[in-house]
Structures are given as C-alpha cells and as structure tokens.
Amino acid sequence: MKRSEEAGFRDYVTARMDVLRRTGFLLCRDWHLADDLVSITIGKLYRHWPRVRLMDHVDAYVRRVLVRTWLDEKSRAWRREEPAETLPEPAVLPGDDVIERLGLLELLDALPPRRRAAVVLRYYCDLSVEETAEILECSPGTVKSQTARGLDSLRALVAASQS
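Residues numbered from 1 in each chain as written. Predicted model: local features only at pLDDT ≥ 70, side-chain atom pairs only at ≥ 80, totals over all residues. Heavy atoms only, no water.

J.: How should the packing of aromatic side chains be read in this particular structure?
T.: Under the defined criterion, the tally for this structure stands at four aromatic pairs. Relative to Tyr46, the ring of Phe9 lies with its centre 5.1 Å away and its plane at 75°, an arrangement referred to as edge-to-face. A residue pair is termed long-range when its members are at least 10 positions apart, and Phe9 in helix α1 (residues 3-28) and Tyr46 in helix α2 (residues 31-52) qualify at 37 residues. Tyr46 gets classed as partly exposed once you look at its relative accessible area, which sits at 35%. Between the aromatic rings of Phe25 and Trp31, the centroid separation amounts to 4.2 Å while the plane-to-plane angle is 10°, which identifies the pairing as stacked. A relative accessible area of 12% means that Phe25 is categorised as buried. For Trp31, a relative accessible area of 37% translates into the label partly exposed. (Phe/Tyr/Trp six-rings, centres within 6.5 Å; stacked < 30°, edge-to-face > 60°. Helix = DSSP H or I, 4+ residues; strand = E, 2+ residues; numbered from the N terminus. Buried < 20%, exposed > 50% of the residue type's maximum accessible area, 1.4 Å probe, protein only.)

J.: Would you take a moment to explain the nonpolar core for this structure?
T.: Proteins that are soluble and globular tend to have nonpolar side chains buried together. Counting 38 residues, the largest nonpolar core has Leu45 and Val67 as the members making the most contacts within it. Looking at this core, the elements that each hand over two or more residues are α1, α2, α3 (58-74), α4 (96-109), α5 (113-124) and α6 (129-136). Setting aside its immediate chain neighbours within four residues, Val67 contacts Leu27, Ala117, Leu121, Ile135 and Leu136. (Core = buried A, V, L, I, M, F, W, Y, C linked by side-chain atoms within 4.5 Å. Contact = heavy atoms within 4.5 Å.)

As structure tokens, this is what we get:
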C-alpha cells in the first residue's frame, strides 16, 4: 500500500473507531469481543483498502465486514462456553440510566444472532431494509421478518419482565 493510501486508511479508521466499537458491542454485548471484532475488521479492511477506498459506500462495506465477522465468530465452538451463573457483588450500585441500558442489552442478548443483527442494523445503525439485507446476505423479506420477530420478542420480554 502506498503512503498516501495508508494515510487515508488511518484517517478513516480513526474517524470511525468509536462507531465500529459501539456497533460491535451491540452485536456481541462484550467490549473485549467487540474490540477483537473491530481489530479483525480493520485487518480485513487494510488488506483491501486500495480497492475499498474507491467504493461509493465504504461505511456500508465496513459494517458488512463487521457483522459477517461477528456471525463467523459466533459459530466457533469455543464461543459457546457458558458463563458463570453467579457474579460477585458489584462494588457500587449503578444509576437508573445504567440499569435501563443494561436491561435493554440483556433483552438484545436474548435474541438469536441474526435477529439481533437485523434489529441493531435497522434501528441502531439506521440502515434501510435493502442495506441490511446486503450486509446479512439475505433477501429484504427476510430482513423484514427477522426484524419484526426480533421486535416481537423484545416486546414479549419487556412485558414478561414488567408483570
């Protein structure tokens, strides 16, 4: 890669790092794994940067790589380990806004991976049905049904937690 291309790559990654990390976190709900996903995504982007930088929608390409990387990681056998059932007491009780955010993240965590990806891409990343379908490599109808089922599941979980 030429120095001018490398400088452009560095500028792009620097500008998008926070968005990539947050999107990765919403997908996997683990900051460490989100950092790993972003690192893998950046590595893939670096290899193809001379071609990618000429694209009209670089962000869409990078989001697609990130989601596909997460789905690939999710299917690895060692990722299916079960977490411990009990955690030590927290040192400080979190505030109400943190509790609400944690509740939302737990609800997202209850969704299957593809539904979670559809909901995050549609409502957090604010992508269209077609853009989401392209990233998930499925039809727009599948995105609509996955999103609708994901939202229905979230509503049912909220209703169950409030009763």
